[in-house]
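Chain by chain, the residues:
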Amino acid sequence: MDMDARTELALPRSTPALPDRLRKVVTLPVAGLNCASCVGRVERALVALPNARDVSVNLATGKASLSLSADTPAHRVADAITEAGFCVPEVTTTVGVDGMTCASCVARLERALVRIPGVTAASVNLATSRAELRYPDGIVALADVEAAVRQAGFAPRNLGRDAAQSSDGEERQARETAELRRDVLVSALLATPVVLLDMGGHLIPGFHDAVAVMLGAGGSAVIQAALATLVLAWPGRRFFRLGIPGLLRGHPDMNALVALGAGAAYLASMVAAFAPGLLPAGAANLYFEASVLIVTLILTGRALEARARGRTGAAVARLLDLTPKTARVMRDGEEHDIPVAALQVSDRVRVRPGERIPADGRIVSGASWIDESMITGEPVPVRKAEGDLTVGGTLNTSGGFDLRVDKVGSDTVLAQIARMVEAAQGGKLPVQALVDRITLWFVPAVMAISATTFVAWLALAPSPAFGPALVHAIAVLIIACPCAMGLAVPVSIMVGSGRAAERGVLFRKGNALQALGDARVVAFDKTGTLTEGRPRLTDLVTAEGFSREAVLAVAGAVEARSEHPIARAIVAAAREAGRVPDVEGFEAVHGLGVTGVVGGRKIVIGAGRFMDRLGVATASLATEAERLGAAGRSPLYVAIDGRCAGLIAVADPIKPDAAAAIRSLRARGLVVAMITGDDRRTAQAVASALGIDVVAAEVLPGGKVEALQKLRESHGAVAFVGDGINDAPALASAETGLAIGTGTDVAIDSADVVLMSGALGGVEEALALSQATMRVIRQNLFWAFAYNVALIPVAAGALAVVRGPALSPIVAAGAMTLSSLCVVANALRLRQANPASRPA
């Protein structure tokens, strides 16, 4: 029976046939399909959906396709696949959002996004103006996301995955800052006459009398009303355009607070100016100056804040600006200047002294010293010659060379770094969850306090109480705007991760900033991390009946297929001694050794435990192996056709900065551990030389995760530093994984933090920057919350009741602006953070 027939028979007999115009086709990837039985199980689950037709599951492509009624949500398909025991892989979509101004906006938008059917998680970042969603691939349409953003009262804009989007963000930030600066200027020009007409008498004796003579009894009020109307309708329109719709939908934000505060002062003044009989006796006072100054001061604060926030992303902008705009391409023996954007892979580019390298590639002729500090944070130029890799954007300090382009555009190292930093800057720390929970109810609570303040003053204050009641209610609305709360965490993340990138430390995930600072133990891999990763052959001891040349030749042949640094040392020594024969049937047994067939003879190379497992007797060389291990060398046995043929010892020099890095970590009160698959004696020798506290030796790759768990149980949160493929599970398992940037792509992809230079001092730098960033975040959160807790009662008139000072709406607007600026300015201190001095 073919698939179509089986599917047709499985359809319920009562299913009505829908016309094609009322149907839609859904195609989704399915993870976990292994055989025809899996295909059948998924198909049966999908056929059971209402009105399902044309069900097809393809094992080769890993996709499921079916036709459904147009009103059936796509997430029902994903749910059916999950219930069948499989899953639809999740994807991440990032959408830019305009119009967010405070933490309340963030909470409101996140609630709107997680309500989209199929969305499993949503994270909104106020500092970057972006929303990130996770959902099963193919379930959520971008149009649905944009509709949800608009429904929440904001304007969506799409963001691609290309690093060039950073320039788009810069342009948008620059436009926003310019618009705010213009609005501040217009508002200040219009507000100045209002303030002078209302408050000039307090500064110049007889001023009010002179104005009354010149303009008549009601002339001043008319002019103030006209100018205040222009301020609120022109530069202040943004508060009403964004705040009132949110208020009507039951989701007020800081724009609503400002609109209510300024609007209440304006409306009360209009009534006092043109219909004073509607107000209680003695309450017909003008508050136009309050309405216009509230708008002017808050716009000024936003302009300063936007300018400061623009500086928070300066690290990424500087990185991207380092790439030159043109490249000198060699074609037909001649040089041609072309835009870097037009470069193609395999192009030959000529680079002269003093120029920046236009793209990632490999030197094909010439040599030079290249300053890679923008990538690694190391100030000393690096010697590069023919065959060496170069990174686009780095500086050619001396000498000229030709480069063959290997990567362009978004594939370059620079673009990948920018994406990593932006991803970290857009992330959320666990501490942000507390802020989100509070701000979700903060604005409604402030509105309730403001209303209570107004009623209390009307009921309890001596007549006429309308004026003081209105003033205090407006002051509460203005001073409690939660801008500082929303900026406290994301702005600090942006500046901290940007500063780290400048120092050659890349936080790939935002939450690593918090997790690394909480680490109590730092565990290192040995080979390639604490050591150079370029070992050399130091000893070769042969068993009776085997020659040195024969053992070295077969060992070199087998190890030539291995990627391990120790293997390269053996191969180099074998090639130096003579020809290395071919090998067949090569196999690497992780953490134990390698095997192969050379000239028809079975060759096994590995540690003593590997030989024990295979039943190879090593007693004749055991004493020698113990001596070499105690000397800090890695002994490996070589077996030929099941007989122990020799013992090879390899020494891997310890990195020059390893001892200093470990001393610094221990000085911070951290436990330092080493986890390695090497012989225990060798590991102990390295640990003793470096002053390492805890050693786990002879650990298989899978055992590194178990070793981390034991460290976690004994000491607390673990940070693991590694560089090899076999370190990937441990990097992913640790609370924070730090990959040496000179290591493998797999290790880097598994890590939370990447140390681009490969220098171990980067571990302390990463730790110090993490702790500094968290200190700034805690300071910002304390300031933001303490400020509101302390000043809301003052704004409500708590001190005025006992004849203390009152807080006017104008002072409240200035104080609210100052609060946000303090948070941003405190975060910007991280731009000058020097990890060696333990900043902030």
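Since this is a predicted model, take the numbers as computed values, not measurements.

J.: Mind showing me how you'd approach the overall build of the protein here?
T.: Tallying secondary structure elements over the protein gives 32 helices and 29 strands in all. Residues counted as buried form 51% of the 840 residues belonging to the protein. Intrachain contacts of the protein at a sequence separation of at least 6 include 69% that bridge at least 24 residues. Of the roughly 36,000 Å² that the protein leaves accessible, carbon and sulfur atoms contribute 57%.

J.: Please clarify how the sheet that holds strand β2 (residues 53–58) should be interpreted in this entry.
T.: Pairing between the strands of a sheet is mediated by backbone hydrogen bonds and can be parallel or antiparallel. Here we have three strands laid out as an open sheet, ordered β1-β3-β2, and antiparallel in their pairing. Of all strands in the sheet, those bounded by a partner on one side alone are β1 (23–29) and β2. Pairwise comparison of adjacent strand axes, ignoring direction, gives a mean angle of 15° for this sheet. Inspection of the sheet shows β2 paired to strand β3 (residues 63–69) by four bridges, in the antiparallel sense. In the strand pairing of β3, Ser56 is matched with Ser65. Sheet contacts for helix α3 (residues 75–83): β1 and β3; angle to β1, the most-contacted strand, approximately 45°.

J.: Sorry, what's going on with the UniProt feature "transmembrane region" (unreviewed entry) in the protein here?
T.: Those places that UniProt annotates as "transmembrane region" (unreviewed entry) correspond, in this numbering, to residues 184–204, 210–234, 255–274, 286–304, 438–460, 466–489, 781–801 and 807–828. Along residues 255–274 one finds 100% helix and 0% strand; the C-alpha atoms at either end are 28 Å apart. Along residues 781–801, the helical share is 90% and the strand share 0%, with 30 Å between the first and last C-alpha atoms.

J.: What is the right way to look at the pattern of salt bridges in this model?
T.: Two side chains carrying opposite charge are able to pair once their charged atoms lie near each other. Following the criterion strictly, the structure yields 22 salt bridges and no others. When the shortest N-O distance is used, the salt bridge between Arg328 and Glu335 registers 3.5 Å. With a closest N to O distance of 3.4 Å, Asp641 and Arg601 form a salt bridge. You can see Asp641 sitting in the loop between β23 (634–640) and β24 (643–651) and its partner Arg601 sitting in strand β22 (residues 601–606), a full 40 residues away along the chain. The exposure class assigned to Asp641 is partly exposed, which follows from its relative accessible area of 44%. For Arg601, a relative accessible area of 40% corresponds to the partly exposed category.

J.: Explain the packing of aromatic side chains to me, please; I cannot follow it from the model alone.
T.: For the coordinates displayed, the defined rule picks out two aromatic pairs. Judged by centre distance (6.1 Å) and plane angle (65°), the ring pair of Tyr266 and Phe288 falls under edge-to-face. Taken as a pair, Tyr266 in helix α10 (residues 254–274) and Phe288 in helix α11 (residues 288–312) lie far apart in primary sequence, 22 residues in all. Judged on exposure class, the residue Tyr266 and its partner Phe288 are both buried. An angle of 85° between the planes, with centres 6.0 Å apart, marks the rings of Phe454 and Phe466 as edge-to-face.

J.: Help me understand the packing of helix α18 (residues 490–502) against helix α30 (residues 761–795), please; the structure alone is not making it clear to me.
T.: Two quantities define a packed helix pair, namely the angle between the helix axes and the distance between the axes. Remark: α18 packs on α30, axes separated minimally by 10 Å, with the N-to-C direction vectors making an angle of 165°. Accordingly, the angle class assigned to the pair α18 and α30 is roughly antiparallel. For the element pair α18 and α30, the recorded crossing hand is right-handed. Note on element contacts: α30 touches α18 through Leu769, Thr773, Val776, Ile777 and Asn780, opposite Ser492, Ile493, Gly496, Arg499 and Ala500. Class assignment for the residues of the contact of α18 with α30 results in five nonpolar, four polar and one charged.

J.: Help me understand helix α9 (residues 237–248) in this model?
T.: Within an α-helix, residues lying three or four positions from one another point in the same direction, as the helix has 3.6 residues per turn. In this model α9 runs 17 Å from its N-terminal to its C-terminal C-alpha over twelve residues, within 8% of the 16 Å that 1.5 Å per residue would give. Among the residues of α9, those classed as buried are Arg238, Phe239, Leu242, Gly243 and Gly246. Looking straight down α9, one finds its buried side chains confined to an arc of 95°; they lie on one side. Across α9 from its buried face, at more than 90 degrees, point the exposed residues Arg241 and Leu248. Two residues or fewer past α9, Gly250 is found with a positive phi of approximately 85°.

J.: Quick question: what am I supposed to make of the environment of Ala827 here?
T.: For Ala827, the position within the fold is in helix α32 (residues 809–828). For the pair formed by Ala827 and Thr773, sequence separation is 54 residues and the distance between their alpha carbons is 8.0 Å. Ignoring anything within four residues of it in the chain, the contact list for Ala827 reads Val491, Ser492, Val495, Val776 and Asn780.

J.: So what exactly am I meant to see when it comes to the pairing of β24 here?
T.: Where a strand is regular, its side chains alternate between the two sheet faces. The element β24 is largely enclosed, with a buried count of eight among its nine residues. The sheet contact formed by strand β19 (residues 536–542) and β24 spans six bridges and is antiparallel. Within β24, the residue paired with Val541 across the bridge is Leu647. Linking two consecutive strands that pair antiparallel, namely β23 and β24, is a turn of two residues; a positive phi of about 50° is found at Asp641 within it.

J.: Teacher, can you tell me more about the pairing of strand β18 (residues 521–525) here?
T.: Of all five residues in β18, five are buried, a share of seventy percent or more. Side chains of β18 alternate between two faces, with Val521, Ala523 and Asp525 and Val522 and Phe524 buried alike. As judged from the five bridges shared by β18 and strand β25 (residues 671–675), these two strands associate in the parallel manner. Bridge pairing in β25 links Phe524 to Met674. By the bridge criterion, four bridges tie β18 to strand β27 (residues 718–722) in an arrangement that is parallel. When the bridges of β27 are listed, Val522 appears paired with Ala719.

J.: Is there a simple way to explain the nonpolar core in this structure?
T.: As a rule of thumb, soluble globular proteins bury nonpolar side chains together. Ranked by size, the top nonpolar core spans 161 residues in total, and within it Leu46, Leu109, Leu113 and Phe524 carry the most contacts. If you tally residues by element for this core, the top one is α30, at 14 residues. Beyond its immediate stretch of four places on either side in the chain, Phe524 contacts Thr529, Leu530, Ile662, Leu665, Val672, Ala673, Met674, Ile675, Phe720, Val721, Leu760 and Val763. If you look at the next biggest cluster of nonpolar residues, it comprises 39 residues, including Leu540, Leu621, Ala645 and Leu647.

J.: I'm lost on the packing of helix α4 (residues 103–114) against helix α5 (residues 142–151) in this one. Help?
T.: Interhelical geometry of α4 versus α5 gives an angle of 145° and a closest axis separation of 9 Å. In this structure, α4 crosses over α5, and the sense of that crossing is right-handed. Each of Leu109, Ala112 and Leu113 in α4 lies in contact with α5, whose residues at this interface are Val145, Ala148 and Val149. The residue inventory of the contact of α4 with α5, partitioned by class, reads six nonpolar, no polar and no charged.

J.: Help me out: how do you make sense of the sheet that holds strand β15 (residues 395–398) in this one?
T.: Within the open sheet, the three strands sit side by side as β13-β12-β15. Their pairing is antiparallel. Taken across any chain shown, the strands that pair with only one partner, and hence form the sheet edges, are β13 (382–384) and β15. The mean angle between the axes of side-by-side strands here comes to 45°, regardless of whether they run parallel or antiparallel. When strand β12 (residues 368–371) meets β13, the two strands line up antiparallel, connected through three bridges.

J.: Any chance you could explain helix α16 (residues 466–479) here in plain terms?
T.: With 14 residues, α16 should cover 20 Å at 1.5 Å per step; its first-to-last C-alpha distance of 20 Å lies within 8% of that length. Taking burial as the measure, the 14 residues of α16 include twelve buried ones, the bulk of the element. Within α16, burial applies to Phe466, Gly467, Ala469, Leu470, His472, Ala473, Ile474, Ala475, Val476, Leu477, Ile478 and Ile479.

J.: Can you walk me through unusual backbone geometry in this structure?
T.: The general pattern is negative phi for most residues beyond glycine and trans for most peptide bonds. The backbone of Asn51 shows a phi angle near 60°, a positive value even though the residue is not glycine. Even without being a glycine, Asp641 presents a positive backbone phi close to 50°.

J.: It is not clear to me how the confidence of the model for the protein should be interpreted in this structure. Could you clarify?
T.: The predicted coordinates should not be examined in detail at positions where pLDDT is low. For the protein, the mean per-residue pLDDT works out to 81, and 85% of the residues sit at or above 70. Note on residues 1–16: pLDDT under 50 across the span, and 14 contacts to partners over four residues away in sequence or across chains. Below pLDDT 50 for its whole length, residues 160–167 participates in twelve contacts with residues either more than four positions away or in separate chains.

Conventions adopted
Residues numbered from 1 in each chain as written. Predicted model: local features only at pLDDT ≥ 70, side-chain atom pairs only at ≥ 80, totals over all residues. Heavy atoms only, no water. Helix = DSSP H or I, 4+ residues; strand = E, 2+ residues; numbered from the N terminus. Buried < 20%, exposed > 50% of the residue type's maximum accessible area, 1.4 Å probe, protein only. Contact = heavy atoms within 4.5 Å. Areas by Shrake-Rupley, 256 points an atom, 1.4 Å probe, with all protein chains shown as cover. Pairing = 2+ DSSP bridges. Axes fitted to C-alpha atoms, helices over the stretch in contact; angles between N-to-C directions. UniProt positions renumbered as here; feature names shortened; annotations may be inferred. Salt bridge = Lys/Arg side-chain N within 4 Å of Asp/Glu carboxyl O. Phe/Tyr/Trp six-rings, centres within 6.5 Å; stacked < 30°, edge-to-face > 60°. Parallel < 35°, antiparallel > 145°, perpendicular 65-115°, else oblique. Left-handed = near helix turned anticlockwise from the far one by under 90°. Nonpolar A, V, L, I, M, F, W, Y, C, P; charged D, E, K, R; others polar. Expected span 1.5 Å × (residues − 1). Arc of directions from axis to C-beta. Core = buried A, V, L, I, M, F, W, Y, C linked by side-chain atoms within 4.5 Å. pLDDT = per-residue confidence, 0-100.

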